[in-house]
Amino acid sequence: MARHFQYGFSRLGAYRRRCSRWVLENNVEKLAARLGLGERQLRRLFFQHLGASPVSVAQTRRVLFAKQLIHDTQMPMTDVAAAAGFSSVRRFNETFLRLFHRPPRALRRKSASREEEKDIVLRLRYRAPYDWENMLAFLRARAIPGVEVMEAGRYLRTVEVDGEVGSIAVAHLPKKQSLEVSIRFPDVKSLPAIVARVRRLFDLGADIETIDQHLSADPALARLVTLRPGLRAPGGWDGFEIAVRAVLGQQITVVAARRLAGELVKLHGRPVPEASRIHPALSHVFPTAGRLASAPSIGLGMPAARLATLKAVSEAAVADANLFRPFGGVEETVARLKAIRGIGEWTAQYIALRAVREMDAFPATDIGLLRGAASIDGAAVTPANLLGRAESWRPWRAYAAQHLWAADGNILTNNSVMAG
């Protein structure tokens with residue numbers, strides 16, 4: 001576990017953000033227990049890789065988020081303080097005076113709009129290059145009616161955090177190497193969680209130059225990387241949602257899985273008030289694990305075994321709030337998921353990739369991966385052969401998988417792979 005933690009800190013910025021959020025939301029002792037480490041060992045790793053204590057790192061992230069809200073929005077300072085997690089406005093003001101020698105209001109950009117804002121708009125930076133078109137195409141092919149909308153090069157969806165519902169819209173700003181996120185949500189305290197989920201969904205923390213360089217050591221894969229520089233591994237808004245979509249997509253087409261997901265949302269999704277919709281077609285949030293676990297009947301026309309798996313996944317998610325959070329390496333994650341009734345190797349690897357964000361997850365039995373590999377090798381490939389070859393792609397096999405899926409011309413329309 002310590003080795004996994006060290007690897008995450010040295011190579012994955014997203015891991016730092018997860019740990020910082022845990023410190024802010026819980027405490028260092030709980031974070032250490034979550035990672036399977038001693039508290040002293042955790043503090044030592046923080047100092048070794050970040051040069052600061054867990055609390056200092058968490059507080060720095062809080063201040064930086066508040067500073068971004070001050071710069072980019074016209075939110076009242078009381079809301080900024082609450083959104084950034086300060087216990088009081090007084091503490092908020094004292095912190096900024098100490099760090100910047102000015103009150104928070106003095107940091108607000110004069111160029112910012114003075115009009116009343118209905119939505120909070122933030123910019124989230126990424127490391128270029130970023131293949132936005134492939135990301136959007138991937139999400140468009142799987143968009144669930146009522147939950148997701150694609151319009152004018154933007155991705156829009158409904159969101160639920162801690163029982164509150166709202167919606168977001170995400171657009172690409174290539175010249176600024178950023179995504180612009182518009183957020184319509186009733187509770188400003190949920191902003192950090194919403195931003196974190198957007199970053200995960202769009203894989204904004206990837207060190208894409210390092211990843212592409214590593215994969216390019218394989219000459220055949222290098223050709224794919226050259227064709228699609230900055231190709232990301234799409235995540236998901238919610239781990240349970242991704243798991244359900246994976247089960248719905250077992251052995252059927254992307255189109256059929258999308259239709260089933262739409263029916264599931266109509267039957268069990270919670271309506272979104274019109275005032276909270278960034279787009280009128282965003283009508284429902286995806287059903288929660290608790291809602292599906294307690295439903296007398298899921299009501300979808302699909303095999304009984306798959307319906308039983310949906311129920312089992314829902315019950316497992318209710319029983320373990322950390323089911324879709326990283327713990328250990330990809331092998332441990334896959335084994336934990338396969339313990340759920342009806343979850344096999346392919347589904348577990350898929351959930352590990354998109355929901356848990358294990359960047360070494362690799363569903364080698366996937367027909368799309370096999371076709372993609374065959375397209376660059378000119379010959380049929382078996383899962384065993386593909387697994388052997390993928391050893392050189394570690395620890396970034398998830399990105400290699402994305403390139404192979406992209407190389408398969410049928411991936412977005414009529415195959416059964418990556419249906420979630």
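For the structure itself, consult the block above.
Residues numbered from 1 in each chain as written. Predicted model: local features only at pLDDT ≥ 70, side-chain atom pairs only at ≥ 80, totals over all residues. Heavy atoms only, no water.

With that settled, the discussion passes to the overall build of the chain. A tally of helices and strands in the chain yields 20 helices and seven strands. Put simply, the chain has 420 residues, and 55% of those count as buried. The long-range fraction of contacts in the chain, counting pairs at least 24 apart against all pairs at least 6 apart in sequence, stands at 67%. Counting only carbon and sulfur atoms, one obtains 52% of the accessible surface of the chain, whose full area is about 18300 Å². (Helix = DSSP H or I, 4+ residues; strand = E, 2+ residues; numbered from the N terminus. Buried < 20%, exposed > 50% of the residue type's maximum accessible area, 1.4 Å probe, protein only. Contact = heavy atoms within 4.5 Å. Areas by Shrake-Rupley, 256 points an atom, 1.4 Å probe, with all protein chains shown as cover.)

Turning to the nonpolar core, a few remarks are in order. Counting residues in each nonpolar core, the largest one holds 68 residues, and the members touching the most others are F324 and L404. Element by element, the count of residues in this core is highest for helix α12 (residues 239-248), at seven residues. Here L404 is in contact with L221, L224, F362, G368, L369, G372, A373, I376, L386 and W393, once residues within four sequence places are set aside. (Core = buried A, V, L, I, M, F, W, Y, C linked by side-chain atoms within 4.5 Å.)

Listing the buried residues of helix α11 (residues 219-227) in full gives A220, L221, A222, L224 and V225. If you follow the buried residues of α11, they end up packed against α10 (208-215), α18 (367-377), α19 (383-390) and α20 (397-407). One side-chain oxygen of the residue at the start of α11 lies 3.0 Å from the amide nitrogen of A220, identifying that residue as D218. (Polar contact = N/O pair within 3.5 Å; in protein donor to acceptor, adjacent residues only side chain to side chain.)

Reading across from one edge, β1-β5-β4-β3-β2 is the order of the five strands in this open sheet, with antiparallel pairing throughout. The open sheet has two edge strands with one neighbour each: β1 (120-125) and β2 (148-151). Taken pair by pair, the neighbouring strands of this sheet meet at an average axis angle of 25°, ignoring direction. Two elements, strand β3 (residues 154-161) and strand β4 (residues 164-173), share seven bridges in a ladder whose sense is antiparallel. What sits directly across from V159, in β4, is G166. (Pairing = 2+ DSSP bridges. Axes fitted to C-alpha atoms, helices over the stretch in contact; angles between N-to-C directions.)

Right, let's talk about unusual backbone geometry for a bit. Cis geometry is found at the peptide bond from A128 to P129, where omega equals 0°. Cis geometry is adopted by the peptide bond preceding P395, which originates at R394 and carries an omega value of 10°. Within the element layout of this structure, P395 appears in the loop between α19 and α20. Positioned with a positive phi, R357 is a non-glycine residue whose angle comes to about 65°.

Here we come to the packing of α12 against helix α15 (residues 304-319). Interaxial distance between α12 and α15 falls to 10 Å at its minimum, and their mutual angle equals 165°. The angle between α12 and α15 places the two elements in the roughly antiparallel class. The two elements α12 and α15 meet at a crossing, and its hand is right-handed. Every residue of α15 that contacts α12 at F240, A243, V244, V247 and L248 is listed here: R306, T309, L310, V313, S314 and A317. (Parallel < 35°, antiparallel > 145°, perpendicular 65-115°, else oblique. Left-handed = near helix turned anticlockwise from the far one by under 90°.)

Turning our eyes to something else, we now look at the pattern of salt bridges. Under the defined criterion, the tally for this structure stands at 19 salt bridges. A salt bridge links R245 to E148; the nearest nitrogen and oxygen atoms lie 3.3 Å apart. Of this pair, R245 sits in helix α12 while E148 sits in strand β2, and the two are 97 residues apart along the sequence. Residue class for E148 comes out buried when judged on its relative accessible area of 7%. (Salt bridge = Lys/Arg side-chain N within 4 Å of Asp/Glu carboxyl O.)

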